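Fold and geometry: a report
This is what each chain is made of:
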Amino acid sequence: MSRQFLCLFLLSVIASSCTTKQIGLPAPVDHQQALCLLFYQQMDEAIFAHNAEDTSEHRVAGFPFLRSNRFLASFANESLSESAYAQWLEKLRRLDEEARMLEFANLPTDARTRITTRLPAGNSLRQHLKVCGQSLNKTITTTGAATKTKLENAVAVPDNYLTWQRVVGFYPLARWFAKNSIDDLHRELNRPFQLAMDQILTTGKRVRYQPAQPAKLNQQQIGDMLSASYRNPLRIPLLKAEQLARLFRHYAPVWEIDTRNNNDAFGALTFADPATPSIDTGRPTVYVNTSHTRFRGENLLQLIYQIWFPAREKTGWFDPYGGKLDSVIWRVTLNSQGSPVAYDSIHACGCYYLLFPGKGYAASPNEEGGEPVLAPKPIGIDPFRQRLTIRLASRTHYLQHVSAQPNSDQAKNYRLTQYDQLRSLPTAEGKRKNPFGPDGIIDSSTRTERFFLWPFGVASPGAMRQWGSHAIAFVGRRHFDDADLLEKLLVPLKKR
């Protein structure tokens, strides 16, 4: 080992000990890798110093060039082929690359300048991250079983529950008292689904929003796209950007909202005030994102649609559930032929989880001791000929109905925008900022309910959260992005 190489490695270790959040380093095998590790540590130092950390993906301790999510973590400890393992590592590396590009954009100008001056001549930040990450990934595959075992133990994403709060808050007792409240809430949420859409009480005006550029694809077109997308070692459906755009437009729902005032109109998340995010309702926007789940031996594609409201309007001076910002997430899980296995929904606080089994499936019985799952109705429409309409209540924005409805000439148009844009929004000062804090929560959206729900171990219940941090049960532990969520919640119907 050369003296210069040793010095560089020692510098990288010193840098890691000075950062706000320590991330261990693998041993570099050459001079270039030592430089790469030092670069990662210097970049992290700037990110942590300016609270620019993005928590949508999990930083993998000991491997600063990789990040994980619950789906990719589910492959750890599996027997993968050499090509599948290489693809898995590359997926982890790409998560880190994308997150770092967003974190970099959200840094102050002087911090970005210091980072770019450390780049090799002629390299962009993205190029350097790619070269470094791929080089370090090769080390994982060539240094033996110990490094692989360390990685496989580190990729697991911690759950979004605070165990100490459950201990201090006498969780076993609290969950017993919660049962009646959960049952009452489920009865309230379930009631409108037992009515026809036009029978649901309207307190304001029914306003419909439809996709500005809808797409109609037939089953053959969608099946061909999805079939080709599985041709990779991990058998994960991976589509090109233009294919995903077509799928998003095809499955995009119509939103019907009982509208009393501007708090019931959805729009674009923005930083009109540099310190506090708000909603521009003059630009109806649906943010789209993809995820994957493991279901009955297959990896399935999930299409996610999210809308944002200015507030959940308070009913009076003491309304523990009201406050600034509100958001509803709708998800479509597709099988390999493009038919929905299920639809499900939450608010961006992780609250009000609803499951709608697709054709051929039913909700499984609730597990003993776990929080019951509300599955108001199955959805058996023809997804290749009909578009769903989602009805939302005024003020609470609760889902009240989901069905195919006739088209309306009076509907407003909404645009589809990539969810990742939320992770780096322009401010009025010409800077960029992530509205979600390092804990994944929008601080200005906190609710009073957090003070009496804290025994359940969920950080700031009711607050709006970033993707990847949605705990969706107060009793037990359950996340919206659990890789096996639908595996646990759905069962196939017996064929007659």
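Given the structure is predicted, the values throughout are model-derived calculations rather than measurements.

1. Examining the state of the cysteines
Enumeration according to the criterion identifies 2 disulfides in this entry. Each sulfur in the disulfide pair C349 and C351 lies 2.2 Å from the other. Taking relative accessible area as the criterion, C351 reaches 12% and is therefore assigned buried. Cysteine pairing in the protein follows 1-2, 3-4, where each cysteine in a disulfide is numbered by its order in the sequence.

2. Concerning a nonpolar patch on the surface
Side chains of L162, W164, V167, V168 and W454 sit close together on the surface and give an oily, nonpolar patch of about 490 Å² of accessible area. Of note, W454 is situated in the loop between α12 (450–453) and α13 (485–489).

3. Overview of the packing of helix α2 (residues 31–49) against helix α4 (residues 82–105)
Interaxial distance between α2 and α4 falls to 11 Å at its minimum, and their mutual angle equals 45°. One element, α2, and the other, α4, form an angle in the oblique class. Pair α2 / α4 crosses with left-handed handedness. From α2, Y40, M43, D44 and I47 reach across to α4, where they touch D96, R100, E103 and F104. When grouped by side-chain class, the residues that make up the contact of α2 with α4 number 4 nonpolar, no polar and 4 charged.

4. A short note on the packing of aromatic side chains
Each aromatic ring pair is described using two quantities: the centre-to-centre distance and the angle formed by the ring planes. Applying the stated criterion to the full structure yields 21 aromatic pairs. Both rings, one in Y40 and one in F65, keep their centres 6.3 Å apart while their planes meet at 50°; by these two values the pair is tilted. Of this pair, Y40 sits in helix α2 while F65 sits in the loop between β1 (58–59) and β2 (67–68), and the two are 25 residues apart along the sequence. Comparing Y40 with F65 shows no difference in burial state: the two are buried.

5. Some thoughts on the nonpolar core
Counting 80 residues, the largest nonpolar core has W255, L303, Y305, W330, Y353 and L399 as the members making the most contacts within it. With 8 residues, strand β8 (residues 298–312) is the largest single contributor of residues to this core. Beyond its immediate chain neighbours, meaning those up to four positions away, W255 contacts V207, R208, Y209, F266, V286, Y305, I307, V328, W330, I390, L392 and Y414. Ranked by size, the runner-up nonpolar core spans 39 residues in total, among them F63, Y85, C132 and L151.

6. A word on the pairing of strand β14 (residues 399–404)
Working note: regular strand, side chains alternate between the two faces of the sheet. β14 sits mainly inside the fold: 5 of its 6 residues count as buried. Where strand β13 (residues 388–392) meets β14, 5 bridges bridge the pair, whose relative direction is antiparallel. Looking at the pairing, L392 lines up with L399 of β14. Linking two consecutive strands that pair antiparallel, namely β13 and β14, is a turn of 6 residues; a positive phi of about 70° is found at R395 within it.

7. Describing the pairing of strand β3 (residues 205–211)
In terms of strand pairing, β3 meets strand β4 (residues 254–259) through 5 bridges, oriented antiparallel. When the sheet's bridge partners are listed, Y209 is paired in β4 with W255. As paired elements, β3 and strand β15 (residues 412–418) share 3 bridges and run parallel to each other. By the bridge assignment for β15, Q210 is matched with N413.

8. Re α2
Along an α-helix, residues three or four apart share an orientation, since each turn contains 3.6 residues. If you check α2, its first and last C-alpha atoms are 27 Å apart, about what 19 residues at 1.5 Å a residue would give, namely 27 Å. Following α2 by one or two positions, N51 adopts a phi angle in the positive range, close to 50°.

9. What about the confidence of the model for the protein?
Caution is warranted with low-pLDDT regions, since their predicted coordinates should not be read in detail. Averaged over every residue, the pLDDT of the protein is 92; the share at 70 or more is 94%. Long-range and interchain partners of residues 1–25, a stretch whose pLDDT sits below 50, account for 49 contacts in this model, where long-range means more than four residues apart.

10. Re unusual backbone geometry
Outside of glycine, negative phi angles account for most residues, and trans bonds account for most peptide bonds. With a phi angle near 70°, R395 is a residue other than glycine that sits in the positive phi range. Mapped onto the elements of the fold, R395 is located in the loop between β13 and β14. Unlike most non-glycine residues, S460 shows phi in positive territory, near 45°. Relative to the helices and strands, S460 is located in the loop between α12 and α13.

11. Observations regarding the pattern of salt bridges
Summed over all chains, the structure comprises 32 salt bridges. Notably, a salt bridge pairs R67 with E103, separated by 2.9 Å at the nearest N-O pair. Here the residue R67 occupies a position in strand β2, and E103 occupies one in helix α4, the gap between them amounting to 36 residues. Each member of the pair, R67 as well as E103, is classed as buried. Across the pair D280 and R283 runs a salt bridge, and its minimum N-O distance is 2.9 Å. Of the residues examined, D280 reaches a relative accessible area of 29% and is grouped as partly exposed.

Scoring rules and cut-offs
- Residues numbered from 1 in each chain as written.
- Predicted model: local features only at pLDDT ≥ 70, side-chain atom pairs only at ≥ 80, totals over all residues.
- Heavy atoms only, no water.
- Disulfide = S-S within 2.5 Å.
- Buried < 20%, exposed > 50% of the residue type's maximum accessible area, 1.4 Å probe, protein only.
- Patch = residues over 30% accessible without salt bridge, like charges linked within 9 Å, V, L, I, M, F, W, Y side chains within 5 Å.
- Areas by Shrake-Rupley, 256 points an atom, 1.4 Å probe, with all protein chains shown as cover.
- Salt bridge = Lys/Arg side-chain N within 4 Å of Asp/Glu carboxyl O.
- Helix = DSSP H or I, 4+ residues; strand = E, 2+ residues; numbered from the N terminus.
- Axes fitted to C-alpha atoms, helices over the stretch in contact; angles between N-to-C directions.
- Parallel < 35°, antiparallel > 145°, perpendicular 65-115°, else oblique.
- Left-handed = near helix turned anticlockwise from the far one by under 90°.
- Contact = heavy atoms within 4.5 Å.
- Nonpolar A, V, L, I, M, F, W, Y, C, P; charged D, E, K, R; others polar.
- Phe/Tyr/Trp six-rings, centres within 6.5 Å; stacked < 30°, edge-to-face > 60°.
- Core = buried A, V, L, I, M, F, W, Y, C linked by side-chain atoms within 4.5 Å.
- Pairing = 2+ DSSP bridges.
- Expected span 1.5 Å × (residues − 1).
- pLDDT = per-residue confidence, 0-100.

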